[in-house]
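Inside the fold
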Amino acid sequence: MSRILLSTTIPYVNARPHLGFALELVQADVLARHHRLRGDEVRLQTGTDDNSLKNVQAADAAGVAVRELVDRNAAEFARLAGPLSLEFDDFVRTSADLRHRAGVERLWRACAEDLYRKHYEGLYCVGCEHFYQPGEQCPEHDAPLQHVSEENWFFRLSRYQDELYELIASGRLRIEPAGRRNEVLAFIAGGLADFSVSRSRTRARGWGIPVPGDPDQVIYVWWDALGYYLTALGYGDGEHGRWWGGADRRVHLLGKGVLRFHAVYWPAMLLSAGEEVPTDLLVHDYLTVEGRKISKSGGAAVDPVGLVSAYGVDALRWWLLRDVPRVGDADFTAERLVARHDDELANGLGNLVNRVAGMVHRYRDGIVPADRDPALDGVRAGAPDTVAEALEAFDFRRATGAVHEVVEVANRYVSQVKPWQLAREGSARLDPVLGTLVETCREVAGLLAPFLPDAAVRVAARCAGPGERLPAPAPVFPRLGGTA
RNA sequence: GGGGCGGUAGCUCAGCCGGUUAGAGCAGGGGACUCAUAAUCCCUGGGUCGCGGGUUCGAGUCCCGCCCGCCCUACCA
């Protein structure tokens, strides 16, 4: 048994949650449930990045107070847990949690010897909070660039270059998939420059956490947001040891767009503060919707809660886990979601459970026989290991595929042994066949638990033990599409 | 401009250190069965493995160049 700390990134809350973030939440939830079921000590944390300037801009655009917009949207993210059947242990809001602010301040002080003030000058686009080179124009905003000249705090990232490289190259900090690790190594090898970790209070619009001892500066939002991994654990009070340094695995899930912050800046900050670095960074790619990029500020966006009410949480989770490749963006369409659900859950697993129940009722008055047939022993024994291996490799497709494989083998088995024929012949083989099928369905329910917790409960409810009475047959997964 | 990752059957994708006739699922076509949610099971896959060269006895699988998509990154006017 080991102690595992799992975390998602915290999204900024300038808009309501979209499907893309649901992917990360569900992946994290699956890993957490998987490890809990194996007896590991697990903690899964998520939250929201309230202090991003984007939130201020969104509030301006909407004509509401920042506090109001942030509170409202953050609540939407927290509420995702219900519809998506997520089970997280903690939800941190960077603007509302006292422990967060205290922790960020402490982290700042812990890194004090790597922080220094430097004068900085540049052309700044307020729209995207980014500096540009002279002569450049912001590709996204028409507004003229502002000349900014101010003194900021900088972090001495440069001195950690070799240590970071070694950490990642050696695998002590594992980055998955491997392509992402290479990307980071190439970046580090290219040389690391110190980066700015504060901005003037005015430029930050007074929103954010002030630099300790320098109230005219606000801590850079990335410093703030990354700190959440530590602050949620009680870093501000020095109570984080059990779950940070004390964990066997510190696993961050993140999207490809924020890889550098997690693979370079964050570990460097931790080294500076004298803390352990993460053990695993699991990087996912993005979702598109009907071929279009998902964006918070317009364009295609799909509401995960809406999808759940339309298709159910099992169908949505199954699609996210089953259809999204380990590498590469995946395109979401309702058609694909329905197809996966109907083919594998309704016609595959649901029908299996239902036909087995039907036969037990028809031939054995609903009482589950106690006899066994070893025919399915092979797949059944192999599936848990395959699932564990696949999840270790961050391959949700292969993991769910292993579960589905058991269903397919069981369905094939039914048509091979033809229980209806055995019944007609009054064969003694009928009992072991039916007993084994019911038992296999129960095992599938168990295998399914980390992926589709709701469905797992429903399936389990239809599988009684030997000698017990089975509920009357009824579809566990009603088809979503029309008749095939 | 540099770097990375993709480009494999209609669709979604597997193919590790190069090696027998290039695979799976879905869709499509044919058949069987009847326990079941018009479900299940069996049979059916001749695709220039993006393009062009090269290395090799032999290359989706390695090397070079190019094209397309995506990502990261860059003081080139």
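Computed from a predicted structure; not experimentally measured.

The rules behind each value
Residues numbered from 1 in each chain as written. Chains lettered and ligands numbered in written order. Predicted model: local features only at pLDDT ≥ 70, side-chain atom pairs only at ≥ 80, totals over all residues. Heavy atoms only, no water. Helix = DSSP H or I, 4+ residues; strand = E, 2+ residues; numbered from the N terminus. Polar contact = N/O pair within 3.5 Å; in protein donor to acceptor, adjacent residues only side chain to side chain. Contact = heavy atoms within 4.5 Å. Buried < 20%, exposed > 50% of the residue type's maximum accessible area, 1.4 Å probe, protein only. Pairing = 2+ DSSP bridges. Right-handed = clockwise from strand over helix to strand, strands pointing away. Near = heavy atom within 4 Å. Nonpolar A, V, L, I, M, F, W, Y, C, P; charged D, E, K, R; others polar. Salt bridge = Lys/Arg side-chain N within 4 Å of Asp/Glu carboxyl O.

**Some points on the side chain of His262**
Note that His262 resides in helix H8 (residues 259-273). Of note is the side chain of His262, whose polar atom sits 2.7 Å from the side chain of Tyr229. A polar contact is formed between the side chain of His262 and the backbone oxygen of Val258, at a distance of 2.9 Å. Setting aside anything within four residues of it in sequence, one finds His262 in contact with Thr9, Trp222, Leu226, Tyr229, Leu254, Pro267 and Leu281.

**Some thoughts on the pairing of strand S1 (residues 3-7)**
The buried fraction of S1 amounts to 5 of the 5 residues, a majority that puts the element mostly inside the structure. Alternating positions in S1 separate into two faces, Arg3, Leu5 and Ser7 on one and Ile4 and Leu6 on the other, with burial throughout. Judged from the 5 bridges that link them, S1 and strand S2 (residues 41-48) form a sheet pairing that is parallel. Residue pairing in the sheet places Ser7 in a bridge with Gln45 of S2. Note on the crossover from S1 through helix H1 (residues 19-37) to S2: the handedness is right-handed. Sheet topology note: the S1/strand S12 (residues 249-255) ladder contains 4 bridges and is parallel. Note that in S12 the partner of Ile4 across the bridge is Arg249.

**With respect to the sheet that holds strand S14 (residues 287-289)**
Within the open sheet, the 3 strands sit side by side as S15-S14-S16. Their pairing is mixed. Two strands bound the open sheet, and with one partner strand each, they are strand S15 (292-293) and strand S16 (330-332). Across 2 bridges, the pairing between S14 and S15 is antiparallel. Bridge pairing links Val289 to Arg292 in S15.

**Quick word on the protein's contact with RNA strand B**
Within the structure, RNA strand B sits among 29 residues, and Arg260, Lys293, Asn351, Arg355 and Phe477 are positioned closest to it. A share of 79% of the atoms of RNA strand B within 4 Å of the protein falls on sugar and phosphate groups. A distance of 3.4 Å separates a base oxygen of RNA strand B from a polar backbone atom of Val476. Here the surface near RNA strand B takes 12 residues from helix H11 (residues 334-364), the largest share from any one element. Taken together, the residues of the surface near RNA strand B break down into 9 nonpolar, 7 polar and 13 charged.

**Focus on the pattern of salt bridges**
Pairing between side chains becomes possible if they bear opposite charge and their charged atoms approach one another. Tallied over the entire structure, the rule returns 43 salt bridges. With a closest N to O distance of 2.8 Å, Asp90 and Arg99 form a salt bridge. A single salt-bridge network, built from bridges that share partners, covers Asp29, Arg33, Arg36, Glu87, Asp89 and Arg317.

**Description of the side chain of Ser200**
Locating Ser200 in the fold gives a position in strand S9 (residues 198-200). When its relative accessible area of 11% is taken as the criterion, Ser200 is described as buried. Polar side-chain contacts of Ser200 include one of 3.1 Å to the backbone nitrogen of Arg203. If we ignore the near neighbours within four places in the chain, the residues touching Ser200 are Glu150, Asn152, Asp216 and Gln217.

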